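Single-letter residue listing:
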Amino acid sequence: MKRYCRTLDLADDPDLIEKYCEVHRHVWPEIIAGQREVGIVSMEIYRRGNRLFMIMDTCDGFDPERDMARLAALPRQAEWEAYVARFQGCSPEARSDEKWQPCEKIFGY
C-alpha cells in the first residue's frame, strides 16, 4: 500500500468552509466508486481553519500522475470538481491533482 498526504486551502470564509464540510458529509457515491476504480483504497480529509490535510492510501500499483488523470476522466468527476471549486482557494479550472499539493514526509516510525 502507498500513502499520499496533500494539502489544500479553502476560501477564507466561515460560511463557505461550513458548506464545504457539509458537502463532504454527503459525497456523491460515484466519486467514491471512481476513486476506488483507479486504486484509491481509502481517503481522509482533516481541517484546521481554512487548511485541509488529506491522507490517501492506494494500492501498490497506483501512479499519481496516471491514475489521477484516469480519475479526472471518469463520469461526474469533472462535475464534482466544479461543484467543490467554489469553496476552494484555487482556480475553478484546476484538476484535483493541481489543487491538492503534495507534502514531504519528515518524520515517521
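My aim in this report is to walk through the structure given alongside it, one point at a time. Not measured: the values here are computed from a predicted model.

**As for the overall build of the chain**
Counting its regular elements, the chain contains 5 helices and 4 strands. Sequence-ordered secondary structure for the chain, helices as α and strands as β, is β-α-α-β-β-α-α-α-β. Here the chain has a C-alpha radius of gyration of 14 Å; the compact-globule value for 109 residues is 13 Å, and the two agree. Structurally, the chain occupies a C-alpha span of about 40 × 35 × 25 Å along its principal axes. Taken over 109 residues, the chain has a buried fraction of 34%. Considering only contacts within the chain whose residues lie at least 6 apart along the sequence, 71% involve residues at least 24 apart.

**Regarding the sheet that holds strand 1 (residues 2–9)**
Sheet architecture is open: 4 strands sit in the order 2-3-1-4, paired in antiparallel fashion. Two strands in the sheet have a free side with no partner beyond their single neighbour: strand 2 (40–48) and strand 4 (101–102). Pairing geometry for strand 1 and strand 4, over 2 bridges, is antiparallel. Bridge pairing in strand 4 links Arg6 to Pro102.

**Describing the side chain of Thr58**
With respect to the secondary-structure elements, Thr58 resides in strand 3 (residues 51–58). The class of Thr58 is buried, set by a relative accessible area of 0%. The contacts of Thr58, once residues within four sequence positions are left out, are Met1, Lys2, Tyr4, Gly39, Ile40 and Val41.

**Concerning unusual backbone geometry**
Despite not being glycine, Arg76 has its phi angle at roughly 75°, a positive value. With respect to the element layout, Arg76 can be found in the loop between helix 3 (64–72) and helix 4 (77–85). Relative accessible area serves as the criterion here: at 30%, Arg76 is assigned to the partly exposed category.

**So, the pattern of salt bridges**
As enumerated under the stated definition, the model contains 9 salt bridges in all. For the salt bridge of Asp57 with Arg3, the shortest nitrogen-to-oxygen distance reads 2.7 Å. You can see Asp57 sitting in strand 3 and its partner Arg3 sitting in strand 1, a full 54 residues away along the chain. What makes Asp57 buried here is its relative accessible area of 10%. On the accessibility criterion, Arg3 (55% relative accessible area) is exposed. Between Glu30 and Arg76 there is a salt bridge whose closest N-O contact spans 3.1 Å. A residue pair is termed long-range when its members are at least 10 positions apart, and Glu30 in helix 2 (residues 29–37) and Arg76 in the loop between helix 3 and helix 4 qualify at 46 residues. Via salt bridges that share partners, Glu18, Glu22 and Arg25 belong to a single interconnected network.

About the criteria used
- Residues numbered from 1 in each chain as written.
- Predicted model: local features only at pLDDT ≥ 70, side-chain atom pairs only at ≥ 80, totals over all residues.
- Heavy atoms only, no water.
- Helix = DSSP H or I, 4+ residues; strand = E, 2+ residues; numbered from the N terminus.
- Rg over C-alpha atoms; globule rule 2.2 N^0.38 Å.
- Buried < 20%, exposed > 50% of the residue type's maximum accessible area, 1.4 Å probe, protein only.
- Contact = heavy atoms within 4.5 Å.
- Pairing = 2+ DSSP bridges.
- Salt bridge = Lys/Arg side-chain N within 4 Å of Asp/Glu carboxyl O.

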